[in-house]
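Residue-level structural notes
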Amino acid sequence: MRLSHRFFFLIIALLVFVSHMPLTLLAQSDRSDGALVLTNLTLVDVRSGELRPKQTLVIKDNRIVSAGPSQTVAETAKSRSIDCSGLYAIPGLWDMHVHLVFGDWFPGGENISLPLFVANGVTSVRDMGSELEVIQKWRGEIDSGQLTGPRIHSSGPMLDGPKPRFPSSVAITTAEDGRRAVDDLKQRGADFIKLQSLIPRDAVFAIAEEAKKQGIAFEGHVPDSVRASEMSNAGMKSFEHLIGIFEGSSPLEDEFLKGNKTEERFLATYDPVRTGALAKILARNGTWQCPTLVWERGGNLIDATDFSKDTRTKYVPAAWKAKTWKRFTEEITQGYGGDDLSVRKKFVSKELEVVHMLHEHGVGFLAGTDTPAGVYIFPGFSLHEELQRFVAAGFTPLEALQTATMNPARFFGMESQLGTIEGGMLADLVLLSANPLQDISNTQKISAVVANGRYFSRKELDEMLARVEAAARVQTE
């Protein structure tokens, strides 16, 4: 009798508790299969450029379970279904040249850069020089859902000459230093090796040899002491900022190895026949190019550009503007910007011409921004500008889109997981309100983002941006 009374009161208490549960919790518990169904969208095939209307995607956990015509894809009753009529789905975007933890130059990046990438549809990044342990910690927190951010592939600290110019660098003086650094970074879990400009020549080739031995890619700057053709033949996987290309396009290449490189001299001695010959070497060896065209334009025209009214500066902490941007501005104006403004404008145009020529010869390209190291380069936002610069260089909108989707996936050997929207792939995608193949600037018209299976509506993305703006205000000099 006592047991039956206790059971009766337990049932009553449970019913009272359930009646007071929030409806959202009840709905979540009812949706036990956890699937997300996106219906009636137009899928952009970034391989062929085909538009596939009235498609449905079924996402479970962080995978695309199925993708196909809406009338053929069955929905389960317990799935969360979202009508995506009028929207275009593209794969999640990559920024293939970023710096997330650059010594103490960009404090608080986990609250600024990481969410800005996701809010702009950038779901994967290649980090080209950072504090490795911090990056590995962030990766774990992103995987567990504690942080909102993109997938991160990182080199850890960069390898540079005896006196590195930047933080997050390892000083390399001898060949043995280079071998030791490669071995150490491989053991610590770096995804690849990043080279900077000042590494001595014998150490460069020791690094290349050790990287091959360790089975780890080496990428980055063509060092000042080495020809671009030599680095391509040695197996360097990517060149950044077009470094080595103009040197290799000039009959003065040997002289440039000793220094005295200026954009005026590059223009005056440029030989398109030499560019074509170099392009054939790069294409044959599969040496990718990440030209960071927005950064190149910004650096060259820094004294002719006024960003004071740019609304994106509200997402940049005062400490970044007052310290780090100032450092880069001084370095640019004292070094890279030494040529006359008219010369630099011509050089920016010539870079687009050279990118087009390399592309025509079959050289592969990757979209990267050098964010946030470059002055007035904004995490996430500037990737969309980079795609526009590729179109300005003569790429079709589809080819430009490929530099930030399927090309990075190919680069990392991840074509079976990322870079396209198909059943079995990881669920990274961006929903746009306009066709990006008609106008590449439409990649900025983001209605929603799915990052590692997690759906962010436009409202949630706006809230994310508001939190970044608040975090930027908190950070002072």
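Residues numbered from 1 in each chain as written. Predicted model: local features only at pLDDT ≥ 70, side-chain atom pairs only at ≥ 80, totals over all residues. Heavy atoms only, no water.

With respect to the confidence of the model for the chain
Our working rule: Predictor confidence is given residue by residue as pLDDT, running from a minimum of 0 to a maximum of 100. Only DSSP runs of H or I covering at least 4 residues are called helices, and only runs of E covering at least 2 are called strands; the numbering of each starts at the N terminus. Throughout, a contact is declared for two residues whenever any of their heavy atoms are within 4.5 Å.
Here the chain averages 91 in pLDDT, and 90% of its residues register 70 or above. Of all secondary-structure elements in the chain, the lowest mean pLDDT belongs to helix α2 (residues 23–30), at 30, while strand β15 (residues 429–432) reaches the highest, 99. In the predicted structure, residues 1–32 sits below a pLDDT of 50 and forms seven contacts with residues beyond four places in sequence or in another chain.

A few points about the packing of helix α3 (residues 109–119) against helix α18 (residues 458–474)
The following threshold applies: An axis is simply a line fitted to the C-alpha atoms; with a helix, the fit covers only the stretch in contact. Between two such axes, the angle follows the N-to-C directions and lies from 0 to 180 degrees. Here roughly perpendicular refers to angles of 65 to 115 degrees, roughly parallel to angles under 35, roughly antiparallel to angles over 145, and oblique to all remaining angles. Each crossing gets its hand from how the near helix is turned against the far one by less than a right angle, where anticlockwise is left-handed and clockwise is right-handed. Under the convention adopted here, Pro, Cys and the residues Ala, Val, Leu, Ile, Met, Phe, Trp and Tyr are nonpolar, Asp, Glu, Lys and Arg are charged, and Gly plus all remaining residues are polar.
Where α3 meets α18, the closest approach of the two axes is 9 Å, and the angle between their N-to-C directions is 160 degrees. On the basis of their axis angle, the class for α3 and α18 is roughly antiparallel. For the pair α3 and α18, the crossing hand works out as left-handed. Touching Asn111, Ile112, Pro115, Leu116, Val118 and Ala119 of α3 are Leu461, Met464, Leu465, Val468, Ala471 and Ala472, all from α18. Its residues placed into classes, the contact of α3 with α18 shows 11 nonpolar, one polar and no charged.

Overview of the environment of Arg126
Short version of the rule: The classification of residues rests on relative accessible area computed with a 1.4 Å probe and restricted to protein chains. Under 20% of the type maximum is buried, over 50% is exposed, and intermediate values are partly exposed. Two N or O atoms count as a polar contact when they lie within 3.5 Å, although within protein this holds only if one can serve as hydrogen donor and the other as acceptor, and sequence-adjacent residues are included solely when both atoms are side-chain atoms.
By the secondary structure assignment, Arg126 is in strand β7 (residues 122–127). Residue classification places Arg126 among the buried residues on the basis of a relative accessible area of 0%. Considered as a pair, Arg126 and Ser155 are 29 residues apart in the sequence and their alpha carbons are 8.3 Å apart. Polar side-chain contacts of Arg126 include one of 3.0 Å to the side chain of Ser238.

Remarks on the packing of aromatic side chains
Threshold: Stacked, tilted and edge-to-face are the three classes applied to pairs of Phe, Tyr and Trp rings, where Trp contributes its six-membered ring and a pair requires centres within 6.5 Å; stacked means planes under 30 degrees apart, edge-to-face means over 60, and tilted covers the rest. For a lysine, the NZ atom is tested; for an arginine, the CZ atom; a charge sits over a ring if that atom is within 6 Å of the ring centre and within 35 degrees of the ring normal.
Under the definition given, this model contains 23 aromatic pairs. Arranged with centres 6.0 Å apart and planes meeting at 75 degrees, the rings of Phe365 and Phe390 form a pair that is edge-to-face. Remark: Phe390 occurs in helix α15 (residues 381–392) and Phe365 occurs in the loop between α14 (341–360) and α15; sequence separation between them is 25 residues. Overall, Phe365 belongs to the buried group, its relative accessible area being 1%. Relative to Phe395, the ring of Phe365 has its centre 5.6 Å away and its plane inclined at 85 degrees; by these criteria the two rings are edge-to-face. Taken together, the positions of Phe365 in the loop between α14 and α15 and Phe395 in the loop between α15 and α16 (397–402) put the pair 30 residues apart, joining distant regions of the chain. We note that Phe365, like Phe395, is buried. Within the aromatic cluster, the residues linked to one another by ring pairs are Phe102, Trp105, Phe106, Phe166, Trp295, Trp320 and Phe328. Of note, Lys237 hangs over the ring of Phe411, and the distance from its end group to the ring centre comes to 4.4 Å.

Remarks on unusual backbone geometry
Cis rather than trans, the peptide bond between Thr371 and Pro372 has omega equal to -10 degrees. Summarising the element assignment, Pro372 is placed in the loop between α14 and α15. Unusually for a residue other than glycine, Thr292 sits at a positive phi of about 45 degrees. For Thr292, the location among the structural elements is in the loop between β14 (288–290) and α12 (293–300). Thr292 gets classed as buried once you look at its relative accessible area, which sits at 0%.

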